[in-house]
Amino acid sequence: MKIIVDAMGGDNAPEAIVKGSVYARDRLGAELVLVGRQEEIEKYLGEDRHGIEIVDAREVISMEDDPSTATRRKKDSSMTVALNLLKNGGGDAMVSAGSTGALLTGATLIVKRVKGVRRAAMAPVLPSSENGIMLIDCGANAECTPEYLLQFAYMGSFYARRMMGLSDPRVGLLNIGVEPTKGGALQHESYKLLTKAKEDGRINFVGNVEASTMLLGGVDVVVTDGFSGNIALKTAEGVAKWLFGELKGVFMSSTKNKLAAAVVKKDVKGIAKRIDPNEVGGTAFLGISKPVIKAHGSSGDEAFFAAIRQAMAFAEADIVGDIEKNIDYMKISEEV
């Protein structure tokens, strides 16, 4: 399997990106196409270059560039060239740790959405008390229609089946309460659409879910607009950072607590590992006609390796094919 890599995207590019790519070649047998400034890539690549191709691209899209126009203005950027390679069949999937907005816009304009998909969505998998949950959308679409959310539910279900190994993933609608009457017009209409999809036997919709309980079990895919999803995601991340910081302070506050910390150290590390981006990988862009993975901007070599591993699994699972085959059910019909 061949993975196209934006070697210049992210805080630690190109060194961490190149090293992570080499790990993917050596551990997973991946073929890699590294796109970026050739001399900078070669600096970290070393002598053993089997299975790795370099495509020179002279420009770099930075965080200061306007995401909505960056890939159109910088046609020789590593991200733009990589997306064009993916579009033209130069690889099975693409990974970038660069600007999220530019990557999403570029993927939409260059690689294109699956025909019939209204909007692509960002769909990270978050740790939970069970198998983890997919949150879709987490920031790509601040304003949504009920049809968008219906499509997110389908795409999230396909991903959960193929990538998370769930035979009948439970779909919840993020809301301010569990009752069907909660929320505004978007939630009310989306609830009706998702209920009908359940009655038709196409989605295992379990109803509304609150942000305070979505990580506690009972749901596998949480559907929401990108504005609410991003707030839920950032809040969860902030609480996790705060909690680990407080725990560290408690454990280091006295000799007695330091001894206690030594006893539970292994278990605490296990929890930390579940939320570590080095283990998680990146965020899938669902709805794009070919697999695109957004790695964390601060990815080190192990984190980028994990993102490549995720991209390979994404391409192998053929989730895009699932979306294409089911697109007729993902649209609002006149009778709904």
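This one's a predicted model, so the numbers in the text were calculated from it and none came from an experiment.

Chemist: When you look at the packing of helix 6 (residues 146-164) against helix 12 (residues 319-326) in this model, what are you seeing that I'm missing?
Modeler: Helix packing for two helices is described by the angle between their axes and how far apart those axes are. Taken N-terminus to C-terminus, the directions of helix 6 and helix 12 make an angle of 140°; their axes are 9 Å apart at the nearest point. When the axis of helix 6 is compared with that of helix 12, the two are oblique. The handedness of the crossing between helix 6 and helix 12 comes out as right-handed. Residue-level inspection shows Met-155, Phe-158, Tyr-159, Arg-162 and Met-163 of helix 6 in contact with helix 12, the latter providing Ile-319, Asp-322, Ile-323 and Asn-326. Residue classes in the contact of helix 6 with helix 12 are distributed as six nonpolar, one polar and two charged.

Chemist: Is there a simple way to think about the nonpolar core in this case?
Modeler: For soluble globular proteins, nonpolar side chains are generally found buried alongside one another. The biggest cluster of nonpolar side chains holds 64 residues, and the ones touching the most others in it are Ile-3, Val-95, Ile-136, Phe-152, Val-223, Leu-286 and Ile-308. When residues of this core are assigned to their parent elements, the largest contribution, 11 residues, is made by helix 6. Residues in contact with Ile-3, not counting those within four places in the same chain, are Glu-31, Leu-32, Val-33, Ala-93, Val-95, Ile-308, Ala-311 and Met-312. Core analysis: the next-biggest nonpolar cluster, separate from the first, contains 35 residues, Ile-4, Val-55, Leu-86 and Leu-233 among them.

Chemist: Can you help me understand the pairing of strand 9 (residues 204-209) in this one?
Modeler: Here is the key point about a regular strand: its side chains alternate between the two faces of the sheet. Summarising burial for strand 9: five of the six residues are buried, a large majority. With five bridges joining them, strand 8 (residues 170-174) and strand 9 adopt parallel strand pairing. In the strand pairing of strand 9, Leu-173 is matched with Asn-208.

Chemist: Hey, could you run me through the pattern of salt bridges in this one?
Modeler: Oppositely charged side chains can form a pair if their charged atoms are brought close together. In this structure the tally under the stated criterion is 16 salt bridges. For Asp-220, the salt bridge is made with Arg-170, and the minimal N-O distance between the two is 2.9 Å. On the criterion of sequence distance, the pair formed by Asp-220 in the loop between strand 9 and strand 10 (221-223) and Arg-170 in strand 8 is long-range, its members being 50 residues apart. Assessed through its relative accessible area of 3%, Asp-220 is described here as buried. Through salt bridges with shared partners, a single network forms among Arg-25, Asp-26 and Asp-48.

Chemist: How should I be thinking about helix 7 (residues 185-199) in this particular structure?
Modeler: An ideal rise of 1.5 Å per residue puts 21 Å on 15 residues; helix 7 measures up with 21 Å between its terminal C-alpha atoms. Among the residues of helix 7, those classed as buried are Leu-186, Gln-187, Ser-190, Tyr-191, Leu-193, Leu-194 and Ala-197. On its buried face, helix 7 sits against helix 6, strand 8 and strand 9.

Chemist: Help me out: how do you make sense of the packing of aromatic side chains in this one?
Modeler: For the structure on display, the rule yields three aromatic pairs. With centroids separated by 6.2 Å and ring planes inclined at 50°, the aromatic side chains of Tyr-154 and Phe-158 adopt a geometry described as tilted. Taken as a pair, Tyr-154 and Phe-158 lie in helix 6 at a separation of four residues, close to a single helical turn. The pair formed by Tyr-154 and Phe-158 is uniform in burial state, with each residue classed as buried. When the centroid spacing of 5.9 Å and the interplanar angle of 70° are considered together, the rings of Tyr-159 and Phe-314 count as edge-to-face. Note that Tyr-159 is positioned in helix 6 and Phe-314 in helix 11 (residues 301-317), a separation of 155 residues in sequence.

Chemist: Just checking my understanding: could you explain the sheet that holds strand 6 (residues 125-126) for this structure?
Modeler: Remark on secondary structure: sheet strands pair via backbone hydrogen bonds, oriented parallel or antiparallel. The five strands lie next to each other as 6-7-10-8-9, forming an open sheet whose pairing is mixed. Of all strands in the sheet, those bounded by a partner on one side alone are strand 6 and strand 9. In this fold helix 6 packs onto strand 6, strand 7 (133-136), strand 8 and strand 10, with an angle of close to 150° to the strand it touches most, strand 7. The strands that helix 7 touches are strand 8 and strand 9; relative to strand 9, the one it contacts most, it runs at about 155°.

Chemist: Would you mind going over the sheet that holds strand 2 (residues 31-36) with me for this structure?
Modeler: Here we have seven strands laid out as an open sheet, ordered 3-2-1-4-12-11-5, and mixed in their pairing. Two strands in the sheet have a free side with no partner beyond their single neighbour: strand 3 (52-56) and strand 5 (121-123). Going across the sheet, the axis of each strand differs from the next one's by a mean of 25°, ignoring polarity. Where strand 4 (residues 93-96) lies against strand 12 (residues 292-295), three bridges are found, and the strand directions are parallel.

Chemist: How should I be thinking about the environment of Lys-196 in this particular structure?
Modeler: Checked against the element boundaries, Lys-196 lands in helix 7. A residue is classified by how much of its surface remains accessible, and Lys-196, at 23% relative accessible area, is partly exposed. C-alpha separation for the pair Lys-196 and Ala-160, spaced 36 residues apart in sequence, amounts to 20 Å.

Definitions and cut-offs
Residues numbered from 1 in each chain as written. Predicted model: local features only at pLDDT ≥ 70, side-chain atom pairs only at ≥ 80, totals over all residues. Heavy atoms only, no water. Axes fitted to C-alpha atoms, helices over the stretch in contact; angles between N-to-C directions. Helix = DSSP H or I, 4+ residues; strand = E, 2+ residues; numbered from the N terminus. Parallel < 35°, antiparallel > 145°, perpendicular 65-115°, else oblique. Left-handed = near helix turned anticlockwise from the far one by under 90°. Contact = heavy atoms within 4.5 Å. Nonpolar A, V, L, I, M, F, W, Y, C, P; charged D, E, K, R; others polar. Core = buried A, V, L, I, M, F, W, Y, C linked by side-chain atoms within 4.5 Å. Buried < 20%, exposed > 50% of the residue type's maximum accessible area, 1.4 Å probe, protein only. Pairing = 2+ DSSP bridges. Salt bridge = Lys/Arg side-chain N within 4 Å of Asp/Glu carboxyl O. Expected span 1.5 Å × (residues − 1). Phe/Tyr/Trp six-rings, centres within 6.5 Å; stacked < 30°, edge-to-face > 60°.

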